[in-house]
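Summary of the model geometry
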Amino acid sequence: MTRADQDRALDILQFKLDVLWSMLDAMWMAYVEDRPPYHGCPAIPKVAE
């Protein structure tokens with residue numbers, strides 16, 4: 001494996017981690033902060049119990 005191959009593998013890993021962190025942030029905002037994860041998304045209406 002060449003240095004270029006190793007650098008490419010690290011770039012791919014970094015991209016994957018960025019995607020996973022973005023997903024985690026969106027889920028945290030939606031389920032813990034109880035607000036839409038993106039500015040343009042409407043809030044889900046509450047269902048009366």
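Treat the numbers as computed from the prediction; the structure is a model and nothing was measured.

Regarding its fold elements, the protein presents one helix and zero strands. For the protein, the residues scored as buried account for 2% of the 49 residues in total. Counting only carbon and sulfur atoms, one obtains 64% of the accessible surface of the protein, whose full area is about 4,900 Å².

Moving on: the pattern of salt bridges. Tallied over the full model, the rule gives one salt bridge. A salt bridge links D7 to R3; the shortest N-O distance between them is 3.2 Å. Taken together, the positions of D7 and R3, both in helix α1 (residues 3-31) and four residues apart, correspond to about one turn of that helix.

About the criteria used
- Residues numbered from 1 in each chain as written.
- Predicted model: local features only at pLDDT ≥ 70, side-chain atom pairs only at ≥ 80, totals over all residues.
- Heavy atoms only, no water.
- Helix = DSSP H or I, 4+ residues; strand = E, 2+ residues; numbered from the N terminus.
- Buried < 20%, exposed > 50% of the residue type's maximum accessible area, 1.4 Å probe, protein only.
- Areas by Shrake-Rupley, 256 points an atom, 1.4 Å probe, with all protein chains shown as cover.
- Salt bridge = Lys/Arg side-chain N within 4 Å of Asp/Glu carboxyl O.

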